[in-house]
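# Structural features, examined
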Amino acid sequence: MPEGREPPRHVAIIMDGNGRWAKKRFLPRVAGHKRGLDAVREVVKACKDMGVGYLTLFAFSTENWRRPQEEVTFLMDLFLRALEHEVAKLHNNNIRLKVLGSRERFSAELSERIARAEAKTADNDGLVLTIAADYGGRWDIVHAVNKLIASGEREITEAMLGEHLGMEWAPEPDLFIRTGGEQRISNFLLWQLAYSELYFTDLLWPDFDRAALEQAITSYWQRERRFGRTSEQLPEHLRRDKP
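In short, a report on the structure. If you're wondering where the values come from, they're calculated on a predicted model, not measured in any experiment. (Residues numbered from 1 in each chain as written. Predicted model: local features only at pLDDT ≥ 70, side-chain atom pairs only at ≥ 80, totals over all residues. Heavy atoms only, no water.)

### Overview of the environment of Ala 82
Mapping Ala 82 onto the fold places it in helix H3 (residues 69–92). In sequence terms Ala 82 and Asn 92 are ten residues apart; their C-alpha atoms lie 15 Å from each other. Not counting chain neighbours up to four residues away, the residues in contact with Ala 82 comprise Leu 37 and Val 87. (Helix = DSSP H or I, 4+ residues; strand = E, 2+ residues; numbered from the N terminus. Contact = heavy atoms within 4.5 Å.)

### What about the packing of helix H2 (residues 29–50) against helix H7 (residues 210–221)?
H7 packs onto H2 with a crossing angle of 50 degrees between their chain directions and a minimal axis gap of 9 Å. Judged by the angle between their axes, H2 and H7 are oblique. Crossing of H2 over H7 shows right-handed handedness. Of the residues in H7, those in contact with Glu 42, Val 43, Lys 45, Ala 46, Cys 47, Asp 49 and Met 50 of H2 are Arg 210, Leu 213, Glu 214 and Ile 217. By residue class, the composition of the contact of H2 with H7 is six nonpolar, no polar and five charged. (Axes fitted to C-alpha atoms, helices over the stretch in contact; angles between N-to-C directions. Parallel < 35°, antiparallel > 145°, perpendicular 65-115°, else oblique. Left-handed = near helix turned anticlockwise from the far one by under 90°. Nonpolar A, V, L, I, M, F, W, Y, C, P; charged D, E, K, R; others polar.)

### Considering the sheet that holds strand E5 (residues 175–178)
A sheet is described by the order of its strands in space; here six strands give the open sequence E3-E4-E2-E1-E5-E6, paired in parallel fashion. Looking at the sheet topology across the chains shown, the edges are occupied by strand E3 (96–100) and strand E6 (197–200). When strand polarity is set aside, the average angle formed by the axes of neighbouring strands in this sheet is 20 degrees. Pairing between E5 and E6: four bridges, direction parallel. When the bridges of E6 are listed, Arg 178 appears paired with Phe 200. Lying on the sheet, H3 is in contact with strand E2 (54–61), E3 and strand E4 (128–135); it crosses E3 at an angle near 160 degrees. (Pairing = 2+ DSSP bridges.)

Geometry only, nothing functional implied.
Okay, structure coming up:
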């Protein structure tokens, strides 16, 4: 980490390209998902080492249920195995795990594993790792609105809605990264990404490593975040032109 530079507090990533990575190597798509898990481990470690406070990974969208059943089943099994084998490591490294999404279509076993993992790491105060699974930004907003309506609210403010969104525990992402060459948000954290810096790379997710993350953060440092204001109106800690 360069002297005088602070990492983004919250990094959000769409991990795209597992299937294409496998196809380029004449492997089944599931091989790309397996290799993608290795990339997750490396990026989590890199964020922890760099002092990033929150890392949010888009693992499975509400739209992904339309993929071939064999692939969906494999992804659910991979998620379950990851919870079985990785949670102890996360806990030992003071990382808190949270899962963002509906969970209604998860198996009882997977839902139980998620609850146990979140409970086990709940008191950790290091990096907060959030896995977005069966998640969609539109679902998140509608779900929050319905909760407010159910509570009797008739006029909803931005602040009220923000408090009922799925990631109310975290600051909005400073840096959004998407791998795989596509340049769109794809229904990920639609509300929360309003003022995030967007970074797109052609690297497929299994090839995304610490060096690639550092390159993305370097790009982030070179930008000036204004939030609709001039640079002179920004708080000092948000200015990108300071030494």
